[in-house]
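Here is how the chains run, residue by residue.
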Amino acid sequence: MSSTMLVVGPKLAVALVVLTLVAAVVVTVGKLGHGREVMVAAVRAAIQLGAVSLLIAAIVSSLWATAAFVVLMCVVAAGTSGRRITGGGQGWWAGAPIVTGSMLVVLGLLLAGLVPPRGIAIIPVAGILIGGAMTATSLAGRRALDELTSRRGEVEAGLALGLLPRDAVLLVCRPAAGQALVPALDQTRTVGLVTLPGAFVGVLLGGASPLAAGVTQLVVLVGLLAVEAVAVVLTVELVARGLLQRAGPAPRRTDRAWTRLAPWLSRRPPARREEA
């Protein structure tokens, strides 16, 4: 184990299978509803990482191939986040916060000379930042839409008081969506005390000094905070403007307030008697 953390061999394959089965069984027994998804995610990760491992040499040798791979990462992240938020294939607007947040930071690091213009450096950094933006976008979008569904009465009250639909929606969903930043904040606060993230370990195993590894990880963590902050703000704005909403038919109601609110909600509220 001179240059890697794990010994590659049959034992590693057995360990991966056992860990996947443990996760799936625990999720199933605990009735969390994602047992099959755990298995599918593990198999997909193995296939995708294997394919990337075989292609990485060809990709990193060309800036054009690197750029194309980064675009592919953004497309996959947008599709994944969009499905998580909307529950269907109508969420491609989720790509806006992901691309905006991650690419601004990547370009800034490149222009500042902190990341060299080589595929072997660009792809890992872009992947980390795009992944963080995807997670923040998914969490913010889901929390915002859940909050709008459970607190629709407060939105209607805001509309009745004269607030514009966008302002009434933001008043309810913005604080909940902000919770999407908690994982990144906790990871940054506890780095070095609880976790040693991948960038630190990777740079260290690559032969750099511990100080260089720590600085690299710090840049990544602070970059993630910036990326996820931008992603959350833009996601909330997209929800407030009705561009991200749950898949399925919109609720049908005859009162004026509900008609103005319909683009943001997807589940029918409890029925109430119509006035004679």
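Here the structure is a predicted model, which means the values were calculated and not measured.

## Structural notes on the overall build of the protein
Here comes step 1: Scanning the protein for helices and strands turns up eleven helices and zero strands.
Here comes step 2: For the protein, the N- to C-terminal ordering of α and β elements is α-α-α-α-α-α-α-α-α-α-α.
Here comes step 3: Among the 276 residues that make up the protein, the fraction classed as buried is 35%.
Here comes step 4: Within the protein, counting contacts between residues at least 6 apart in sequence, those at least 24 apart form 64% of the total.
Here comes step 5: Surface exposure of the protein reaches about 16300 Å², of which carbon and sulfur atoms provide 69%.

## Here we look at a nonpolar patch on the surface
Here comes step 1: Nonpolar side chains collect at one region of the surface, where Val 14, Val 18, Val 22 and Val 26 lie side by side and expose about 330 Å² of accessible area between them.
Here comes step 2: In this structure, Val 14 sits in helix α1 (residues 10–29).

## Looking at the nonpolar core
Within soluble globular proteins, side chains that are nonpolar tend to cluster in buried spots.
Here comes step 1: One finds Val 70, Ile 130 and Leu 148 to be the most contacted residues of the largest nonpolar core, which totals 45 residues.
Here comes step 2: Secondary structure elements with two or more residues in this core: α3 (63–86), α4 (95–111), α5 (119–150), α6 (152–160), α7 (165–177) and α10 (210–240).

## Some words on the packing of α5 against α7
Here comes step 1: The interhelical angle for the contact between α5 and α7, taken along N-to-C directions, is 135°, at an axis separation of 8 Å. Accordingly, the angle class assigned to the pair α5 and α7 is oblique. The way α5 lies across α7 gives a crossing that is right-handed. Contact with α5, carried on its side by Ala 140, Arg 143, Ala 144, Glu 147 and Leu 148, involves Val 169, Val 172, Cys 173, Ala 176 and Ala 177 of α7 and no other residues of that element.

Cut-off values and rules
- Residues numbered from 1 in each chain as written.
- Predicted model: local features only at pLDDT ≥ 70, side-chain atom pairs only at ≥ 80, totals over all residues.
- Heavy atoms only, no water.
- Helix = DSSP H or I, 4+ residues; strand = E, 2+ residues; numbered from the N terminus.
- Buried < 20%, exposed > 50% of the residue type's maximum accessible area, 1.4 Å probe, protein only.
- Contact = heavy atoms within 4.5 Å.
- Areas by Shrake-Rupley, 256 points an atom, 1.4 Å probe, with all protein chains shown as cover.
- Patch = residues over 30% accessible without salt bridge, like charges linked within 9 Å, V, L, I, M, F, W, Y side chains within 5 Å.
- Salt bridge = Lys/Arg side-chain N within 4 Å of Asp/Glu carboxyl O.
- Core = buried A, V, L, I, M, F, W, Y, C linked by side-chain atoms within 4.5 Å.
- Axes fitted to C-alpha atoms, helices over the stretch in contact; angles between N-to-C directions.
- Parallel < 35°, antiparallel > 145°, perpendicular 65-115°, else oblique.
- Left-handed = near helix turned anticlockwise from the far one by under 90°.

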